[in-house]
Amino acid sequence: MRHIVKPLLRHRMMPLLVVLQVALACAIACNALFLLQQKLVPILTPDGVGQPQQLVVAWNLAPRGQPWPVSTLRQTAAELRAIPGVTVVSLAGSWPMETMAQMTGTVLADGRDGKADAVIYIGDHLRSTLDLKLVAGRDFSATEDAVVYKNIGIDDDGPTIITRALANRLFPDGHALGKVIRIGDQADAGRRTVVGVVAHLMRNKFSQDNREDIDYSMLFPGTPSNWPVPMFGVRVRSAAEVASVLKAVKATVQRELGPNMIQGIDPAYETYGDMRQRMLAQPKAAVWLLSGVSLIVLLVALVGIMGMTSYWVQQRTRQIGIRRALGAKRSDILHHIQWENLMVMSAGILLGMVLAYAVNLWLMRHYELTRLPWQYLPLGAVLMLALGQLAVLSPALRAAKVPPVVATRSV
């Protein structure tokens, strides 16, 4: 090992440049991979909604003055159900992929240690309108869907349907049906009994760290009152009827609610598939940007390491030739340069890990990002080690092929 370290110490500038380049690339790679993973989660996670292009949503229905009376909203829902091609209609207080109205809260398993931050969707016929896959239990009954809450309904007792991810988080033993969930840790918090579990339902706002809670969702039956931003979900029988139903939904809502809407705030009518595409446009753009930046950084690091190693090998051509003349094999020269590169890369990676953590602290302070998980540090280290060995392979092979006679004369 000493015969590898001593040449590095004699010519410090070249190894130092490689160390600094590796450290910078490692710091950028660790944070870029972390940010990339965060942006990919909502894109790759199934939202649970079936046939998204056959679900028409009417939202941003802002009333002028007092919130809409429940009787008016239910009459509008009845008119929507009468549209040809409509199979089911939901009157809801919030909706997946719609961020103007958000209901979230800390939920706890009653009598257990389970705790999570979950999004809550309140409305009638929610599961059937969203076409969520029920994996356990039952749907809400007609009586439960007919409930009208005195307020929003979050603090009321009643049944709930939760996602499988939330069920596993609150009840790790796998027995969620019939169990009680508290909405908040107050003494008078609402208690909801789990009657069903659906496969997936994505929350309607993505956090900075989406790894765990993006699929923590709950459904409450009934209709909120005194809620200023209601919305309607309309399930269409077939894709061929979507355009005509969308047009009819707009006409019906305008006829029933239009005269009392706030002027200057246009209601929105679109399919859920379009809402999802619009909501995910920013994460997709961020993925392309982060992927491009990461690729450029890694390519620059690859070319830089290769160029510096080539120059470093060229400067020691005579030394390599003497070793060959004394009996060193090509494999000995190759392994020597690879071990030398490994030592330099290791020093750069250790410095890069410290720098990666410092960059993450700066991002946390100025951009409210979450802390970089420690798993990304060894991931970045392995990536840079592989990159370094790939970069040094060509110069090492070229050095190993130099004949001893030529090498000893190249002074």
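Remember, predicted model here, so these are calculated numbers, not experimental data.

Cut-off values and rules
- Along each chain, residues carry numbers from 1 onward, in the same order as the chain's sequence is written.
- Only residues with pLDDT of at least 70 are given local features in this predicted model, and only at 80 or more are side-chain atom pairs given and counted; all residues enter the totals for whole chains, interfaces and linings.
- Only heavy atoms go into the side-chain values, all of them from the structure, while hydrogens and water stay out.
- Each helix is a run of H or I in the DSSP string that is no shorter than four residues. Each strand is a run of E no shorter than two, and both are numbered from the N terminus.
- This radius of gyration counts C-alpha atoms alone. The globule rule is 2.2 Å times how many residues there are, raised to the power 0.38.
- Remark: exposure states derive from per-residue accessible area (1.4 Å probe, protein chains only) relative to the maximum for the residue type, with buried under 20%, exposed over 50%, and partly exposed in between.
- Two residues form a contact once any of their heavy atoms are found within 4.5 Å.
- Accessible surface area values rest on a Shrake-Rupley calculation with a 1.4 Å probe, where residue burial reflects the displayed protein chains alone.
- A strand pair is defined by DSSP finding two or more bridges across the two strands.
- Between N-to-C directions, angles cover 0 to 180 degrees, with each direction set by a line fitted to C-alpha atoms, over the stretch in contact for helices.
- In this entry, domain limits derive from an automatic or database-based domain assignment.
- UniProt positions are given in the numbering used here, feature names are shortened, and annotations may be inferred rather than shown by experiment.
- To estimate the expected span of a helix, count its residues, drop one, and scale the result by 1.5 Å.
- The labels follow the angle: roughly parallel below 35 degrees, roughly antiparallel above 145, roughly perpendicular from 65 to 115, and oblique for the rest.
- Handedness of a helix crossing follows the sense of rotation of the near helix relative to the far helix, less than a right angle counterclockwise being left-handed and clockwise being right-handed.
- Throughout, the ten residues Ala, Val, Leu, Ile, Met, Phe, Trp, Tyr, Cys and Pro are labelled nonpolar, Asp, Glu, Lys and Arg are labelled charged, and all others, Gly among them, are labelled polar.

Q: Explain the overall build of the protein chain to me, please; I cannot follow it from the model alone.
A: Counting its regular elements, the protein chain contains 13 helices and 11 strands. For a compact globule of 411 residues, the expected C-alpha radius of gyration is about 22 Å, and the protein chain comes in at 31 Å, more than 25% above that figure. Judged by the C-alpha coordinates and their principal axes, the protein chain covers about 100 × 50 × 35 Å. A buried classification covers 50% of the 411 residues belonging to the protein chain. Across the protein chain, every contact between residues at least 6 apart in sequence was considered, and the portion connecting residues at least 24 apart equals 83%. For the protein chain, the accessible area works out to roughly 19,900 Å², and carbon and sulfur atoms hold 61% of it.

Q: Any chance you could explain the sheet that holds strand β10 (residues 231-236) here in plain terms?
A: In a beta sheet, neighbouring strands are held together by backbone hydrogen bonds and run either parallel or antiparallel to one another. One open sheet holds the four strands; their spatial order is β2-β10-β1-β11, and the pairing between them is antiparallel. Each edge of the open sheet carries a strand with a single partner, namely β2 (86-92) and β11 (268-271). Going across the sheet, the axis of each strand differs from the next one's by a mean of 15°, ignoring polarity. Relative to β10, β2 runs antiparallel, the two sharing six bridges. Its bridge partner being in β10, V86 is matched across the sheet by V236. Of the strands in this sheet, β2 and β10 are in contact with helix α3 (residues 70-81), which crosses β2 at around 165°.

Q: What am I meant to see in the pairing of β11 here?
A: Each regular strand shows side chains that alternate between the opposite faces of the sheet. Where burial is concerned, the two faces of β11 agree: the one with A268 and E270 and the one with Y269 and T271 are both buried. Pairing between strand β1 (residues 55-59) and β11: four bridges, direction antiparallel. Across the sheet, V57 pairs through a bridge with E270, a residue of β11.

Q: Hey, could you run me through the domain arrangement of the protein chain in this one?
A: Interfaces are often described in size by the accessible area the parts lose on coming together. As assigned here, the protein chain comprises domain 1 (1-43 + 281-407) and domain 2 (55-272). Between the C-alpha centres of domain 1 and domain 2 the distance comes to 51 Å.

Q: I would appreciate a short explanation of the UniProt feature "transmembrane region" (unreviewed entry) in the protein chain in the present structure.
A: The positions UniProt marks with the feature "transmembrane region" (unreviewed entry) are residues 285-313, 342-363 and 375-393. The span residues 285-313 carries 100% helix and 0% strand; its end-to-end C-alpha distance comes to 42 Å. For residues 342-363, the helix share is 100%, the strand share is 0%, and the end-to-end C-alpha distance is 30 Å.

Q: Could you clarify how one ought to interpret helix α7 (residues 242-257) in this entry?
A: Count 3.6 residues to each turn of an α-helix, and residues three or four apart come out pointing the same way. Counted at 1.5 Å a residue, the expected span for α7 with its 16 residues is 22 Å, and the 22 Å between its end C-alpha atoms agrees. Buried-residue contacts for α7 involve β1, α3, β2, β10 and β11.

Q: I'm lost on the side chain of N60 in this one. Help?
A: Mapped onto the secondary structure, N60 falls in the loop between β1 and α3. Excluding residues that lie within four positions of it along the chain, N60 makes contacts with M100, I265, D266, P267 and A268.

Q: Where do I start with unusual backbone geometry in this structure?
A: Trans is the common state for peptide bonds, and a negative phi is the common state for residues other than glycine. Backbone geometry places N60, a non-glycine residue, at a positive phi of 60°. Residue classification places N60 among the buried residues on the basis of a relative accessible area of 15%.

Q: Help me understand the environment of Q282, please; the structure alone is not making it clear to me.
A: Positionally, Q282 belongs in helix α9 (residues 281-315). The exposed category is assigned to Q282, whose relative accessible area is 65%.

Q: Got a minute to help me understand the packing of α3 against α7 in this structure?
A: In a pair of packed helices, the angle between the axes and the distance between the axes together describe the arrangement. The contact between α3 and α7 brings their axes to 10 Å, and the two run at 150°. On the basis of their axis angle, the class for α3 and α7 is roughly antiparallel. When the axes of α3 and α7 are compared, the crossing they make is right-handed. Between α3 and α7, the contacting residues are T72, L73, Q75, T76, E79 and L80 on the first element and V249, T252, V253, R255, E256 and L257 on the second. Broken down by class, the residue content of the contact of α3 with α7 amounts to five nonpolar, four polar and three charged.

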